[in-house]
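Report on the structure
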Amino acid sequence: MKYLLFIILAAFSIRLSAQQKQFSKDDNGKFIYYKVVDSQLLSKDTLLQRAKAFVNVAYKKSMIQESVTDSSVLAKGTIVIDKTILVAGHPSGEVSYSFVFEARNGRYRFWLTNMLFIPYQRDRYGNFVPTTKIGVPLERTPGKLNAGAWKDILNSTYLKVEKFGDDFKKYLATNRVEKAKKKAETISTKQW
């Protein structure tokens, strides 16, 4: 009876681990999150303008624009990875990445690659800060002792990158017009 229960539990855990999504690899063996989107309603210039606004306005705290051409945007950014135990959570590190966007009329593609993990530690003031400036590539296979923690980092990174991709697609699909700030009206007590 206990062997049957063990076999059922093992089969269930194998099935759950097989359902986790993973990054694809590019030609160089690096992890990549790559999407091609058809948007027949928008021109190339509109797509490029919205992509620049996404990098410079929406994600300005976590992304830095590197270069812009007539059909592409290149940027570097970071994503903070959280470690949650029961209810309490804290940042376990950050993943830096390269973001590339290219547009054509009615179609665009974007990808995130060159992902490097930088672990965090608590400093003497209780803040979580990077332990080093040198990142560990996510493609690296960990040893047996760190395999579980590394798997959690990969899963969390994939979920955050997937959310980033969804946010980017929604941002390009919607018409976001910057509202001009109204000049503060001065109140005059002389006229009424």
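Above this text you will find the structure in question.
Residues numbered from 1 in each chain as written. Predicted model: local features only at pLDDT ≥ 70, side-chain atom pairs only at ≥ 80, totals over all residues. Heavy atoms only, no water.

Next up on the list: the pattern of salt bridges. Close approach of charged atoms lets side chains of opposite charge pair. Across all of its chains, the model carries four salt bridges by this definition. Note that Arg-107 is salt-bridged to Asp-38, the shortest N-O span being 3.6 Å. Of this pair, Arg-107 sits in strand E6 (residues 107–122) while Asp-38 is found in strand E2 (residues 31–38), placing the two residues 69 residues apart along the sequence. Note that Arg-109 and Glu-102 form a salt bridge whose closest N and O atoms lie 2.5 Å from each other. On the basis of relative accessibility, which here comes to 28%, the residue Glu-102 falls in the partly exposed class. (Salt bridge = Lys/Arg side-chain N within 4 Å of Asp/Glu carboxyl O. Helix = DSSP H or I, 4+ residues; strand = E, 2+ residues; numbered from the N terminus. Buried < 20%, exposed > 50% of the residue type's maximum accessible area, 1.4 Å probe, protein only.)

This paragraph deals with helix H3 (residues 147–173). In this model H3 runs 39 Å from its N-terminal to its C-terminal C-alpha over 27 residues, within 8% of the 39 Å that 1.5 Å per residue would give. Looking at H3, one finds that the buried residues are Trp-150, Ile-153, Ser-156, Thr-157, Tyr-158, Val-161, Phe-164, Gly-165, Phe-168, Tyr-171 and Leu-172. (Expected span 1.5 Å × (residues − 1).)

Looking now at the pairing of E2. Taken together, the two bridges between strand E1 (residues 24–25) and E2 define a ladder with antiparallel strand orientation. Bridging across to E2, Lys-25 finds its partner in Phe-31. Connecting the antiparallel pair E1 and E2 is a turn made up of five residues, with Gly-29 showing a positive phi of about 85°. In the sheet, E2 pairs with E6 via seven bridges, with the strands oriented antiparallel. What sits directly across from Val-37, in E6, is Tyr-108. (Pairing = 2+ DSSP bridges.)

With respect to the element layout, Ser-72 can be found in strand E4 (residues 72–85). Measuring from C-alpha to C-alpha, the distance between Ser-72 and Arg-104 comes to 9.3 Å, with 32 residues separating the pair along the chain. With near-sequence residues (within four places) excluded, Ser-72 lies in contact with Leu-48, Ser-67, Phe-101 and Glu-102. Here the side chain of Ser-72 touches Thr-69 through a polar contact of 2.6 Å, side chain to side chain. (Contact = heavy atoms within 4.5 Å. Polar contact = N/O pair within 3.5 Å; in protein donor to acceptor, adjacent residues only side chain to side chain.)

Counted according to the given criterion, the structure contains 20 aromatic pairs. A ring pair is formed by Tyr-33 and Phe-110, whose centres lie 6.5 Å apart and whose planes are at 50°; its orientation type is tilted. On the criterion of sequence distance, the pair formed by Tyr-33 in strand E2 and Phe-110 in strand E6 is long-range, its members being 77 residues apart. For the pair Tyr-33 and Phe-110, one class covers both residues: buried. (Phe/Tyr/Trp six-rings, centres within 6.5 Å; stacked < 30°, edge-to-face > 60°.)

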